[in-house]
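What follows is each chain in one-letter form.
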Amino acid sequence: MPRGSTVWAAFLFGCVAAGCGDLTLTDPVSMDTDETVPSLQFQTQLLTLPEAVEKWGRGMALEEPVARWEQSWGESSSDAERTRAELRRAVASLLVDQVEKEELEGPLAELDRTLSGVQNLLGDDFPAHLSPALESARHERDRARESLESADVEATLEHLMAGGDGLQSVTPGALATELIAEAENQLRRIEGEGSYSQQTERAQRLLIGARDALERDGGVVALKRAWYAVRLLDPASPGTATDDAPSDTR
């Protein structure tokens, strides 16, 4: 997924239903345009590695791969995805004997319904910064369908988890974590140059607020604060934010 502050202004994704609070929407995907950074919210329950372990791996001592999966979302994008791919392969091979082919029809339908909702909302031309993750999720959905038709349970499970991870990667919490890491890198550069300013101090406060919101499951708020922090720290950002930045405690 592309990095850099200039790609975050248009559309950014919302949260999976389990983490969204009290949603009453009937469509699988909706757009929230009230925030400075718009987001999409998913009403569907996507199959990710922790959900697969919870459903089929109880009593199998798989706490370590689940913890490693969760930890990966705080790492750099390329390294994190390689880690998750390895974990998905390992967990799928361990769970395969616990899963009946018919049990994967529901998760496949949920992934398909979610992607159909995204297409209905955004059309076929996805925004450039969302396209890689969405195209990857669609590819994994297609491969999961093919694997299920050939009764390859292990491959189906792996592709379903990969599709869920693809959509998870564009939720507010995941994007906020990535932007926080980007802002921290910029802060280290500024610290090395000794070029602190009022904007730098404001960005530091916003980052503290972003981390706090993230810990309290406030993904949208965390994303908004992290996005402004990156803008404040990036001299190349068009119209560097000052007065339009949100309160770090609001």
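Here, the structure is the one placed above.
Everything quoted here is computed from the prediction, not taken from an experiment.

Peer 1: Can you walk me through the pattern of salt bridges in this structure?
Peer 2: Two side chains bearing opposite charge may form a pair once their charged atoms approach each other closely. All told, the structure shown has 14 salt bridges when counted by the stated rule. The residue arginine 84 makes a salt bridge to glutamate 81 at a minimum N-O spacing of 3.6 Å. Residue arginine 84 and its partner glutamate 81 are both found in helix H3 (residues 77-95); the two are separated by 3 residues, about one turn of the helix. Exposure remark for arginine 84: the relative accessible area of 5% places this residue in the buried category. Aspartate 112 is paired through a salt bridge with arginine 145; the nearest N and O atoms lie 3.3 Å apart. Here arginine 145 lies in helix H5 (residues 131-149) and aspartate 112 lies in helix H4 (residues 105-122), a separation of 33 residues in the sequence. With a relative accessible area of 24%, aspartate 112 lands in the partly exposed category. Members of the salt-bridge network, linked through shared partners, are Glu81, Arg84, Arg88 and Asp165.

Peer 1: What exactly am I supposed to notice about empty space enclosed by the protein here?
Peer 2: All told, the structure shown has 1 cavity of 30 Å³ or more when counted by the stated rule. Volume-wise, the largest cavity comes out at about 30 Å³. The wall of the largest cavity is formed by Leu46, Leu47, Pro107, Leu111, Leu160 and Gly164. When residues of the lining of the largest cavity are traced back to their parent elements, those giving at least two are H4 and helix H6 (153-168). Taken together, the residues that form the lining of the largest cavity break down as 5 nonpolar, 1 polar and no charged.

What counts and what doesn't
- Residues numbered from 1 in each chain as written.
- Predicted model: local features only at pLDDT ≥ 70, side-chain atom pairs only at ≥ 80, totals over all residues.
- Heavy atoms only, no water.
- Salt bridge = Lys/Arg side-chain N within 4 Å of Asp/Glu carboxyl O.
- Helix = DSSP H or I, 4+ residues; strand = E, 2+ residues; numbered from the N terminus.
- Buried < 20%, exposed > 50% of the residue type's maximum accessible area, 1.4 Å probe, protein only.
- 1 Å grid on protein atoms, 1.4 Å probe; cavity = no way out; pocket = protein on both sides within 12 Å on 5 of 7 lines; lining within 4 Å.
- Points joined across faces, edges and corners; volume = space filled by probe spheres on them.
- Nonpolar A, V, L, I, M, F, W, Y, C, P; charged D, E, K, R; others polar.

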